[in-house]
Amino acid sequence: RIIEAHGRRPEALLQMLVDIQAQENWLPPEVLTALSKRLGMARARIDGVAGFYSFLHTEPVGRYRILFSDNIIDRMLGSEALMALMCRKLIIAPGRVSEDGLVSVDTTSCTGMGDQGPAILVNGHAIAHLDHQRVNEICELVRQQRPLDAWPSQYFQVHDNIRRRDALLDADFAPGDAILAAVSMGRTGWLEAVRKANLRGHGGAGFTTAVKWQACRDAAGADKVVVCNADEGEPGTFKDRVLLTRHAHRVIEGMTLAAWATGARCGFLYLRGEYRHLLAPLRSVLADRRQAGWLGDRIAGVEGFDFDIDIHLGAGAYVCGEETALIESLEGKRGTPRIRPPFPVEAGYLGRPTVVNNVETLAKCCLIALRGGEAFARTGTAQSTGTKLLSVSGDCARPGVYEYPFGVTVAQVLDDCGASDVQAVQVGGAAGITIAPYEFGRRIAFEDVPTAGAFMIFDSSRDMFEVARNFVHFFAHESCGFCTPCRVGTTLLCKTLDKLADGYGSSVDLREIDDLDRLLKQASHCGLGSAAPNPVLDGLLKFRPVYEQRLVRKDFTPAFDLDGALARARQMTGRDDAGAHLDNAMEDDA
Ligand code: SF4
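Residues numbered from 1 in each chain as written. Predicted model: local features only at pLDDT ≥ 70, side-chain atom pairs only at ≥ 80, totals over all residues.

**Notes on the overall build of the protein**
Phase 1: Helix and strand counts for the protein come out as 25 helices and 16 strands.
Phase 2: For the protein, the C-alpha radius of gyration of 25 Å lies close to 25 Å, the compact-globule estimate for 590 residues.
Phase 3: A principal-axis box enclosing the C-alpha atoms of the protein has dimensions of 90 × 60 × 50 Å.
Phase 4: Here the protein holds 590 residues, and the buried ones make up 49% of them.
Phase 5: A sequence separation of at least 24 residues applies to 71% of the contacts in the protein between residues at least 6 apart. (Helix = DSSP H or I, 4+ residues; strand = E, 2+ residues; numbered from the N terminus. Rg over C-alpha atoms; globule rule 2.2 N^0.38 Å. Buried ≥ 20, exposed ≤ 12 C-beta atoms within 10 Å, placed from the backbone. Contact = placed C-beta atoms within 7 Å.)

The structure is reproduced here in structure tokens:
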């Protein structure tokens, strides 16, 4: 039934696996074999895809799969203690399935609930605002084997927490208004308006939207594709979740405007697996828009303006936020970033010219259509026009979504959200910039501090070494493993920081970090690998004492107790060569 629902298309493989797992709670081998036969696809390829995504399981994970968000902000809010409590109550070890096969508890990367953590996913469904009482209640529901749809509905409430509105969140217009305005300009006029607006991608890279659209429009091939990248995986960001909840019409309308500019007939909204709770509401928005004539054939009554959208659910892979990895995933494959060129605008989804735009970028297009490109560009700074949505979390009184004109200072945001005694702000997520107090006058803009939206605040009680260590572990966990420098380099970076944390650090290890940085920056295939050392390098530059206080000596120190490890062997063999003691050997060298 699942295969038929997806039209037996090999590119729908990932969606089939997601659906099978939703039904079975895991991917039983006999089902994968049957899938392989029915699709005429090698079992090895299916296993390769199933093994790539962290939300797909080829081993049983229990009827209830509980995942704690392991973002640093969730940790600051007490997630580790709550997870330990849950494991004690359910009598299971973290990462293991209970003996009766009922439940497993583990961690996952940031679930996009930094404004209302600690948060968990239960069988893919988000529960925020976790505390002791809620953990106790959840354990009881699990023991009673209550189906998820019989759990109290308030558990699954996700709040929008919009704290500051500006041009986008304040705008008042009806579905279709922006389409009518763009259609009235003609395809060329509309593209020209986007060019005048100087709209740049809000996913982090800041590429000029009009240039991307023009390249796709000019590319050979009629079957062009528009993709909305709603794989908001950068730790600490959640503003796309709020846009998709509160303003889904604007995002979908933005995709339709991209189709008007490029001539695309087909669109995909790639929704991160952590936002599964948005799947049904988004499908309902799509249905409403088809009904109203804002999707489908002859949109706005214009001959040849045909466009429709399908939703593709991700399955827990941060790297799929990279546009070529996302396209691979859309094609039902492992999310491995492609070699460029060719760029997606020339050869993207199934080799067709494809534009990939971020949720916020697309929503902003509605404002350009309604107000014109020049009016849009009057807000913000010279190189960063319009406004920016920030996901503010961490040590502040009012976490949530804040919309500002580009150019707002870090200090202004801190003031507005009620932060005090601030030691650092991590802007742009794990891959972003750590801002120290002497930099709080810097501005959120592509020409100063660029960001996809994460704004994580740490007061003076926080250990900035542990913050960086959390980010580095995140990168090692999310490395797709395609290229050796990243696969090995991120792991070595983790081991080096773990060594410092365990009290075996030396200045040699700090030099090792510099070497790893060079390796990762120069030889990684995609941005994940090259950005992985950033939080540590910023930490060493701006918060060096918290690293140096962990150094036990200046020369090399092993990450383990060599003499302790050899003690038993020495005792059994009766041999204890003085030169085989590391301390003595180093003194001899000196
Ligand atoms: Fe994968 Fe890392 Fe290489 Fe990127 S840099 S392709 S994430 S292994």
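Next comes the rest of the description.
**Describing the confidence of the model for the protein**
Detailed reading of the predicted coordinates is not advisable wherever pLDDT falls low.
Phase 1: In this model, the protein carries an average pLDDT of 94, and 97% of its residues clear a pLDDT of 70 or more.
Phase 2: Predicted as a complex, the structure gets a pTM of 0.93 and an ipTM equal to 0.99. (pLDDT = per-residue confidence, 0-100.)

**Some thoughts on the packing of helix α12 (residues 248–262) against helix α15 (residues 359–371)**
If you want to describe how two helices pack, look at the angle between their axes and the distance between the axes.
Phase 1: Between α12 and α15, the least distance of the axes is 7 Å, while the angle of their chain directions is 75 degrees. One element, α12, and the other, α15, form an angle in the roughly perpendicular class. Of the residues in α15, those in contact with R250, V251, E253, G254, M255, L257 and A258 of α12 are V359, L362, A363, C365, C366 and A369.
Phase 2: Split into classes, the residues belonging to the contact of α12 with α15 amount to 10 nonpolar, one polar and two charged. (Axes fitted to C-alpha atoms, helices over the stretch in contact; angles between N-to-C directions. Parallel < 35°, antiparallel > 145°, perpendicular 65-115°, else oblique. Nonpolar A, V, L, I, M, F, W, Y, C, P; charged D, E, K, R; others polar.)

**With respect to the sheet that holds strand β10 (residues 387–394)**
Phase 1: Here six strands make up an open sheet; going across it, the order is β5-β11-β10-β14-β12-β13 and the pairing mixed. The open sheet has two edge strands with one neighbour each: β5 (162–164) and β13 (433–435). Along the sheet, successive strands turn relative to each other by an average axial angle of 30 degrees, direction set aside.
Phase 2: Relative to the sheet, helix α11 (residues 239–246) contacts β5, β10 and β11 (400–405), its axis offset from that of β10 by approximately 115 degrees. (Pairing = 2+ DSSP bridges.)

**Details of the site of the ligand**
Phase 1: Neighbouring residues of the ligand: 14 residues in total, closest C480, C483, C486, C526 and G529.
Phase 2: Secondary-structure elements contributing two or more residues to the shell around the ligand are α19 (484–501) and α21 (527–531). (Near = placed C-beta within 6 Å.)

**What to know about the sheet that holds strand β2 (residues 103–108)**
Phase 1: Strand order in the open sheet made by the four strands is β2-β1-β3-β4, with mixed pairing throughout. Two strands bound the open sheet, and with one partner strand each, they are β2 and β4 (125–127). Averaged over neighbouring strand pairs, the angle between their axes works out to 25 degrees when direction is ignored.
Phase 2: Looking at chain direction, strand β3 (residues 120–122) and β4 are connected through three bridges and run antiparallel. Residue pairing for β4: V122 is matched across the bridge by H125.
Phase 3: Contacting β1 (64–69) and β2, helix α6 (residues 79–90) crosses the sheet at an angle of about 165 degrees to β2.

**Some points on the nonpolar core**
Phase 1: In this structure, L17, V194, V227, V251 and A258 are the most contacted members of the largest nonpolar core, which totals 165 residues.
Phase 2: Excluding anything up to four places from it in sequence, V194 contacts L199, T209, A210, W213, A261, C365, I368 and G373. (Core = buried A, V, L, I, M, F, W, Y, C linked by C-beta atoms within 7 Å.)

**Let's talk about unusual backbone geometry**
Phase 1: Following G117, the chain continues to P118 via a peptide bond in cis, the omega torsion being -5 degrees.
Phase 2: Within the element layout of this structure, P118 appears in the loop between β2 and β3.
Phase 3: Omega for the bond connecting R340 with P341 falls within 30 degrees of zero, at -5 degrees, which places this linkage in the cis form.
Phase 4: Relative to the elements of secondary structure, P341 occurs in the loop between α14 (323–330) and β9 (354–358).
Phase 5: Positive phi outside glycine occurs at H129, with the angle close to 50 degrees.
Phase 6: For H129, the position within the fold is in the loop between β4 and α7 (132–143).
Phase 7: Despite not being glycine, R298 has its phi angle at roughly 50 degrees, a positive value.
Phase 8: Its place among the elements puts R298 in the loop between α13 (279–292) and β8 (308–313).
Phase 9: Under the C-beta neighbour-count criterion, R298 is labelled exposed, with 11 such atoms within 10 Å.

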